[in-house]
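# Architecture and fold: a report
Take a look at the letters that make up each chain.
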Amino acid sequence: MSARNPGIPLDLQWVSKVKVNTQAVLKRAQHIQGLKTPKKQWQAAWLLKAVTCIDLTTLAGDDTPSNVHRLCLKAIQPIRFDLLKSMDMHDKGITTAAVCVYPARVADAAKSLKDANSSLPVASVATGFPAGQTPLETRLQEVRLAVSDGATEIDIVINRTLAITGQWEALYDEIRQFRSACGDAHMKTILAIGELGTFTNVYKASLVAMMAGSDFIKTSTGKETVNATHPVAIVMVRAIRDYFLSTGHKIGFKPAGGIRTAQESLLWLALIKEELGDEWLHPHLFRIGASSLLADIERQIYHHVTGQYAAYHELPMA
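Residues numbered from 1 in each chain as written. Predicted model: local features only at pLDDT ≥ 70, side-chain atom pairs only at ≥ 80, totals over all residues. Heavy atoms only, no water.

With that settled, the discussion passes to helix α12 (residues 262-275). Note: α-helices contain 3.6 residues per turn, so residues at a spacing of three or four share the same orientation. Taking 1.5 Å of rise per residue, 14 residues should cover 20 Å, and α12 covers 20 Å from first to last C-alpha, within 8% of that figure. Residues of α12 that are buried include every one of Ala-262, Ser-265, Leu-266, Leu-267, Trp-268, Leu-269, Leu-271, Ile-272 and Glu-275, and no others. Next to the buried residues of α12 lie α2 (22-33), α3 (40-51), α11 (230-247), β7 (252-254), β8 (288-290) and α13 (293-306). The first or second residue beyond α12 is Gly-277, which carries a positive phi of 95 degrees. (Helix = DSSP H or I, 4+ residues; strand = E, 2+ residues; numbered from the N terminus. Expected span 1.5 Å × (residues − 1). Buried < 20%, exposed > 50% of the residue type's maximum accessible area, 1.4 Å probe, protein only. Contact = heavy atoms within 4.5 Å.)

And the structure:
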């Protein structure tokens, strides 16, 4: 992952000047959605690139040590070995970027990866995920516990109330406290864009999160009614670009929620390439939060190699 973002003092003048041109954003999103995606071996190569950027996630109420263990094994070997071998990619160390679990399952994930001799990062959602409506001290303690159990990345949720009501100083201070609770762990800040109301609010929340020391900004928890959409992504990545031009710090971007097909993952890669450039097309600056996406990508790879589509039971969860 990239060097940690130290953050900067809150610049309220910068935040207050923000105005987003909605029509221009929608037009740009339409352009991205109309891009032609690569075919044949080029498509296969881009799909493997997408795999390396996935935070393979399970956030279910019925998570157990055994399904977290399976998730970890799948993250280490995300595409069947024989398929990779036929593409001459079996020795390129293709894994997902991380596994992402609830704080109570971090120790299980860390143990499974350690037993498998893997250095894959464990990410944990914390801070009263998904609503962020628990008391601040509880949210901070949750971060500390996840880190002490072995999480090296923490996906925090912001208190949407503060963003919706424009309490940017309070939001900044809260995120600074999470940053400090994360210690050496990288911090991804979830904006829950479906609940922020306007593009201008999304841009402002993105800026404040970066100023407060977030290493990544992330669209959604996956639990809201609206999750990762292209227009919102454009607003967020433009904030990332502006922040980089002003401070020299590269902040990562993570769309999450509702990204299920290989085709969609190709469009997300295209959006990042067009808006931020090739430097951002690596797991240290781009992640996709997903649980079912990998299965579809593996089916497409299977089709590329064999000319046929696999039944889902032929490509099990590991």
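Leaving glycine aside, a negative phi is the common case for residues, and trans is the common case for peptide bonds. In this model, Phe-129 is joined to Pro-130 through a cis peptide bond whose omega is 0 degrees. Considering the arrangement of structural elements, one finds Pro-130 in the loop between β3 (122-126) and α7 (136-148). One non-glycine residue, Ala-192, lies in the positive phi region at around 50 degrees.

Another point: the packing of aromatic side chains. Following the criterion strictly, the structure yields four aromatic pairs and no others. On the basis of an interplanar angle of 10 degrees and a centroid distance of 6.3 Å, the ring pair of Trp-14 and Tyr-243 is categorised as stacked. Linking Trp-14 in helix α1 (residues 12-16) with Tyr-243 in helix α11, this pair joins segments that are 229 residues apart in sequence. On the basis of relative accessible area, Tyr-243 is assigned to the buried category, the value being 0%. Centroid distance Tyr-102 to Phe-129: 5.9 Å. Interplanar angle 75 degrees. Geometry classified as edge-to-face. With Tyr-102 in the loop between β2 (98-101) and α6 (106-115) and Phe-129 in the loop between β3 and α7, this pair connects stretches of sequence that are 27 residues apart. The class for Tyr-102 is partly exposed, based on a relative accessible area of 23%. A relative accessible area of 11% places Phe-129 in the buried class. (Phe/Tyr/Trp six-rings, centres within 6.5 Å; stacked < 30°, edge-to-face > 60°.)

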